[in-house]
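A closer look at the structure
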Amino acid sequence: MTKIYLPRETTTLSLGVEELISAIEHEAAARGIAIQILRNGSRGAAWLEPLLEIDFNGKRLGYGPVTASQIQSLFEADFLNAGEHELKLGEISDIPWFKQQQRLTFSRCGEIESLSIDEYKKHGGFRGLSAALKSSSKDIINIILDSGLRGRGGAAFPAGIKWQTVADADADSKYIVCNADEGDSGTFSDRLLMEGDSYCLIEGMIIAGIAVGAEHGFIYLRSEYPLTKIILEEALIKARAAGYLGNTIQDSIHNFDIHLHIGAGAYICGEETSLLESLEGKRGQIRFKPPLPALKGLHGKPTVVNNVITLASVPVILAKGAEYYANFGRGKSLGTMPFQLSGNVKHGGLVEISFGLTLREVIENFAGGTYTGKAIGAVQVGGPLGAYFSGKQLDTPLDYESFSAAGGMLGHGGIVVFDDGVDYLEQARFAMEFCSVESCGKCTPCRIGSVRGVEVITRIRTAENQSERSEQYDLLEDLCETMEDASLCAMGGLTPMPVRSAVKLHQLLTERTDETMRPTNES
Amino acid sequence: MSLEKDLDYGTPESLCQELISLEIDGHQVVVPEGTSIMRAAKQLGTSIPKLCATDSLEAFGSCRLCLVEIEGRRGTPASCTTPVEAGMIVHTQTQKLAKLRKGVMELYISDHPLDCLTCSANGDCELQDMAGTVGLRDVRYGYQGDNHLNATRDNSNPYFSFDPSKCIVCSRCVRACDEVQGTFALTISKRGFESHVSAGIEDSFLDSECVSCGACVQACPTATLMEKTVIEHGVPEHSIETTCAYCGVGCTFNAEMKGDQVVRMVPAKSGKANEGHACVKGRFAWGYASHKERILKPMLRSSIDDPWREVSWEEAIQFTAKKFRELQQEYGRKAIGGISSSRATNEEVFVVQKLVRAAFENNNIDTCARVCHSPTGFGLNKTLGTSAGTQDFISVESADVILLIGANPTDAHPVFASRMKKRLREGAQIIVVDPRRIDLVESPHIKAAAHLAILPGTNVALINAFAHIIVEEDLVDWDYVNHRCDKDLFENWLAFIKREQNSPSYVAKVLGVEAETLRKAARLYARAERAAIYYGLGVTAHS
Amino acid sequence: MSDFALNIPKNHYEDWQLDAAHKHLKNFDIEEHNLVDVLHFFQDTYGYIDKALIPLLAKFFNLSKAEVHGVISFYHDFRDTKPASYILKICQAESCQAMGSRALTAELKAALKIDFHETSKLADITLEPVYCLGNCSCSPNLMINTKIISRLTSEKLNQILTNLREVQDD
């Protein structure tokens, strides 16, 4: 009986995988063929989804992207026995898109049946936990420190130092909070991991709990991920039943359980202090720092707040050692990073690679150009608070320091591509609008500044003459300065990044246009 | 006396014993650990611009005017939320800060009416002050943008008005209602630019849970929340310190006046009982001060059938003194005496007893509290040697377990109730002994550890049952007993209290409270590090 | 859209009833669930948060009514009126913008003759904006109740609206 893998994952679902499964089952029944359909996660190659895989003599062969109307022809081509078909992709591991990656955190994602603990273990799962159970708190934290792992949510703060702070704090209870409020447009790595390899996150959280002495973990998941919620709920039940959560996990002295909470439509709750407020059932308003959440976090107790990918990178580090992980990447950006390609790209999806390739290399090697086939007009890296780069500014290496030096940030690894039809000024206006929609409203620069920002950029557009326009440009720059330096959190503080970068591109473009339009004396 | 405004240090005092030394604008200052940079600066006489900070409330960090620069640190942290550290070198005035502050003020004023000259807060508005302080000269955003200038005013409260068009969303009113008053009647509704103050569920102030204590009005830095009397009369020009006579708490107020017209009553931070807080009665119910029926001059009449006749103070005093002396000459020295009122201040009561003892030459002085408080006065005198309570108001801040019996502070002594609630929100527990389900049994952020709803008139049985449990379960503080109690008398009492009639199972029926509930409450009380008893007329007015 | 059966179940909500809400509330454990969790449950049950629920929640969580209102109004997920059987959320964020979501949004508003946060009189549809559904590699995205439709085009949009109207007419 051939095993067929089809993802149970948001993208694949949006592309009609459930209809596809009905068609396969229907066709197989009609032909009297016994099949077994297993549900994996997505490997992140969204452009190949729905990616149908078969287990053929121990090898994983792929067909995709498959639509229900092609099922009949697939059966006719005997795809169950690796038959030739226009959709046949060959062995998955040979596909260049996957071959060029260094998948450490996502090594299992898409490979295994996503909710099977047995499969998870067979593919290296819980080895990190076994190592952690044999180690002292100090040893675990040292491994994380040595691995160079930094927060993958955006702020890139060294995870080991955060853990150390919580471990050293004196308190009757401590917490692990997983930030799964993945709100940046152009990012979906957290979702892919939670849907495809949720035990990896669970394992990472347990290890964090052991390291800092916490017995309760919380996953704060955004409400825009309904399928992820269902999958996580199932995973938590199974992990509990298998003795990985609850009291005396795996017959150790450690207790640890995970509670899932769902957000309610607030981008700001991805900011750690706002998230903690929300997790306490309150308005998601920013708390000032200090005190740091590591010392006074959830319910005032020392709390580790880490992003999904940060926590999910922990098991492989514990299993294979700090050195193994730190050998990937460069400079202070060690390990791998799941970059997410989206927007106007031919081949969108997630690629996990070492830090260091340039933005251009990633776009050329993986994205395959724009979806519309036009030239690249702009690339926004790092989410809605990240900078815009023009098609000519793509040679910055993808690591934290280089991007910071280039006036941008890697953030959560989102890379959104626009073709040359992009209206830079409109993107700048939107950055301000997004800030006004999602501002918690606590501090003045963000609450009022974002609204004024939209108005000023609109006036730049409608200005009747150059002096009027340059007045508004000056005002916008002053506003950006106020927002950047005076805002309470990164929402208001970073909004100037996309605004300034997009406005600059707009100015370059209009100056050029003005020049070409200027009449010359010679004509 | 000129108008005395309490100094505002921006953030609350730190009670920490450790001292920290730092440098602010080139001056050394030593402050307790936990002090904010803002407060430390104020101690040096340096006022850092601020709008959302005030020293009656915890730091909030929202207005972003109080930014400072700290050597060796990135960025421009808010001085209200940044605690001092040893050796810190802080700059409160730099070119960069000046530009940022002006930038923030420009944003504020772009959504604020330009009616300063006709505004009721003109001359008493922190927003206006800050615009001046930062030197705002121009609002380049114009006034055509999105704004809240058409927000509707709420005049429902009889004492103050709420004009959201002038609101800067600093949350001071919300925080005052939560932190100081403890009613939680206000919230910020929605978010971002749509954020606004809401009483209850977008109710009018009068229809909300608001109790009109006025803490929000006092906290408001603009004309958004404003006393109607100030709107009517204008800003006061001098103030007189006085004491509220409504209840026994004795709140200190500054009566802010215009000539002899009271414009508003502002609770004084220096008042030990109220520390800057007030209730609706003290703050707003002072209409009597200038009521037309108020008697302002002494009057005499020779018999009850005669009409009253206005006289001078000199004549009134002469007349009374003469009559007193005549009575003493006729009937003896002890024939006269004085009774003071519980409404009088301690100072006034002192003077009355001095009059009786020194001028009347006898001890015939009493107070009306005799009527209400004689049982407890007697008991306290017998056991502790004084007939007064042993705690001051501030000690509630140290209580771990509070036994409240026969009192309803929220209604009767609201300002003290706010202080008690604050302590309860900090984690202290309360046992309420009262037949009624009073506010302190359950209200926002308050949940009594036990409510012993005893039947009326059974207080003594309950107290004895408490003592019985404490003795039986050996929760007695023997150290205290051995040091402070008369051994024989205590033994007598022990023998009495151990009797079956005082056992919880025996009195449960009498009280209407289950024995186990009594036991739990007694244990909670007895095991507390610092337990405190607060009682009221519910116990004392019973014989 | 041949491969794309649009069999999306309608949202069905219980009619708001105070006694029933009271009973539902008793099933929650204050140690396990916070106010936002409970609000989600009631919105899933009734389609919106009835104002009459606020005093119940306030008492249950030992909060004031104002505080509960403050929380509800902070989060864009929570509605104060009952929505249509179909809630359409169209993504407004950058990745979808790069693939033409602005034009599609305008088309959708024009076709339904409504703006965001409104319910169409032409169809049983409430329209909402959303900022990222995490399906950016297949932009533009639209969510109907809990189902995401990706790689949205004008044609797809028209077909969706036709289908939804047909369901309504059934």
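Use the structure listed above.
Procedures and definitions
Residues numbered from 1 in each chain as written. Chains lettered and ligands numbered in written order. Predicted model: local features only at pLDDT ≥ 70, side-chain atom pairs only at ≥ 80, totals over all residues. Heavy atoms only, no water. Patch = residues over 30% accessible without salt bridge, like charges linked within 9 Å, V, L, I, M, F, W, Y side chains within 5 Å. Areas by Shrake-Rupley, 256 points an atom, 1.4 Å probe, with all protein chains shown as cover. Salt bridge = Lys/Arg side-chain N within 4 Å of Asp/Glu carboxyl O. Lys, Arg positive; Asp, Glu negative; His and termini not counted. Charge placed at Lys NZ, Arg CZ, Asp CG, Glu CD. Helix = DSSP H or I, 4+ residues; strand = E, 2+ residues; numbered from the N terminus. Phe/Tyr/Trp six-rings, centres within 6.5 Å; stacked < 30°, edge-to-face > 60°. Buried < 20%, exposed > 50% of the residue type's maximum accessible area, 1.4 Å probe, protein only. Contact = heavy atoms within 4.5 Å. Buried area = accessible area lost by both parts, 1.4 Å probe. Polar contact = N/O pair within 3.5 Å; in protein donor to acceptor, adjacent residues only side chain to side chain. Nonpolar A, V, L, I, M, F, W, Y, C, P; charged D, E, K, R; others polar. Core = buried A, V, L, I, M, F, W, Y, C linked by side-chain atoms within 4.5 Å. Pairing = 2+ DSSP bridges. Arc of directions from axis to C-beta.

**Remarks on a negative patch on the surface**
Taken together, the side chains of A:Glu464, A:Glu468, A:Glu471 and A:Asp474 present a region of like negative charge at the surface. Here A:Asp474 is to be found in helix H21 (residues 466-486).

**Section: the packing of aromatic side chains**
All names here are of chain A. Throughout the structure, instances matching the rule amount to 34 aromatic pairs over all chains. Judged by centre distance (5.1 Å) and plane angle (45 degrees), the rings of Phe-355 and Tyr-400 are tilted. Taken together, the positions of Phe-355 in the loop between strand S13 (349-354) and helix H16 (359-367) and Tyr-400 in helix H17 (residues 400-405) put the pair 45 residues apart, joining distant regions of the chain. Of the residues examined, Tyr-400 reaches a relative accessible area of 8% and is grouped as buried.

**Section: the interface of chain B and chain C**
Opposite the 21 residues of chain B that make contact, chain C presents 15 residues. Both sides together, the interface formed by chain B and chain C hides about 1500 Å², and carbon and sulfur atoms give 52% of it. Linking chain B with chain C are 1 salt bridge. The closest approach of N and O atoms between B:Glu442 and C:Lys59, which form a salt bridge, is 3.4 Å. Scanning the region where chain B abuts chain C turns up 13 residue pairs in polar contact (both at pLDDT 80 or more). For the side of chain B that touches chain C, the secondary-structure elements that each account for two or more residues are strand S6 (186-189), strand S18 (442-443) and strand S19 (446-447) of chain B. Among the elements that take part in the side of chain B that touches chain C, S6(B) stands out by supplying 4 residues, more than any other. Considered class by class, the residues forming the side of chain B that touches chain C number 7 nonpolar, 7 polar and 7 charged.

**Some thoughts on the nonpolar core**
Core analysis: the biggest nonpolar cluster contains 163 residues, and A:Ile415, B:Met105, B:Tyr108, C:Leu57 and C:Tyr75 have the highest contact counts within it. The greatest single-element share of this core, amounting to 8 residues, is contributed by helix H18 (residues 424-438) of chain A. Contact partners of B:Met105, with chain neighbours within four places excluded, come to B:Leu51, B:Leu65, B:Leu127, B:Met130, B:Ala131, B:Val134 and B:Leu136. Counting 74 residues, the second-largest nonpolar core is a separate cluster that includes A:Leu227, A:Ile309, A:Val316 and C:Val130.

**Here's the deal with the pairing of strand S16 (residues 401-405) of chain B**
Residues and elements named next belong to chain B. For S16, a buried count of 5 out of 5 residues is recorded, marking the element as mostly surrounded by other parts of the structure. Here S16 shows a buried face lined by Val-401, Leu-403 and Ile-405 and a second buried face lined by Ile-402 and Leu-404. Sheet topology note: the S16/strand S17 (residues 429-433) ladder contains 5 bridges and is parallel. Considered in S17, the bridge of Val-401 is made with Gln-429. Direction of pairing for S16 relative to strand S21 (residues 531-535): parallel, over a ladder of 5 bridges. Of the residues in S21, the one forming a bridge with Ile-402 is Ala-532.

**Things to note about the pattern of salt bridges**
Residues and elements named next belong to chain A. Scanning the model with the defined rule gives 68 salt bridges over all chains in all. Taking the shortest distance from any N to any O, the salt bridge between Arg-39 and Glu-18 comes out at 3.1 Å. Of this pair, Arg-39 sits in the loop between strand S2 (35-38) and strand S3 (52-56) while Glu-18 sits in helix H2 (residues 17-31), and the two are 21 residues apart along the sequence. The partly exposed category is assigned to Glu-18, whose relative accessible area is 35%.

**What to know about the environment of A:Ala428**
Residue and element names in this part refer to chain A. Topologically, Ala-428 is positioned in helix H18. In the structure, Ala-428 is positioned 76 residues away from Lys-504 in sequence and 9.6 Å away in space, judged by C-alpha atoms. Filtering out sequence-adjacent residues up to four positions away, Ala-428 remains in contact with Ile-457, Val-499, Ala-502 and Val-503.

**A look at the interface of chain A and chain C**
With 62 residues of chain A at the interface, the matching set in chain C holds 42 residues. In this assembly, chain A packs against chain C so that about 3900 Å² is buried in total across both faces, 53% of it on carbon and sulfur atoms. If you sort the residues of chain A by the area they bury against chain C, A:Ser14, A:Ala264 and A:Arg283 come out on top, with a joint share of 14%. For the pair chain A and chain C, the interface holds 2 salt bridges. We note a salt bridge from A:Glu19 to C:Lys147, for which the minimum N-O separation is 3.7 Å.

**Thoughts on helix H15 (residues 487-497) of chain B**
Residue and element names in this part refer to chain B. Phe-490, Leu-494 and Ile-497 are the residues of H15 that are buried. Within H15, the buried residues cover an arc of 75 degrees as seen down the axis, which keeps them to one side. Exposed and facing more than 90 degrees away from the buried side of H15 are Asp-488, Leu-489, Asn-492 and Ala-495. Those residues of H15 hidden inside the fold are in contact with helix H13 (459-472) and helix H14 (478-484). The opening residue of H15 is Asp-486, an N-cap whose side-chain oxygen sits 3.1 Å from the backbone nitrogen of Asp-488.

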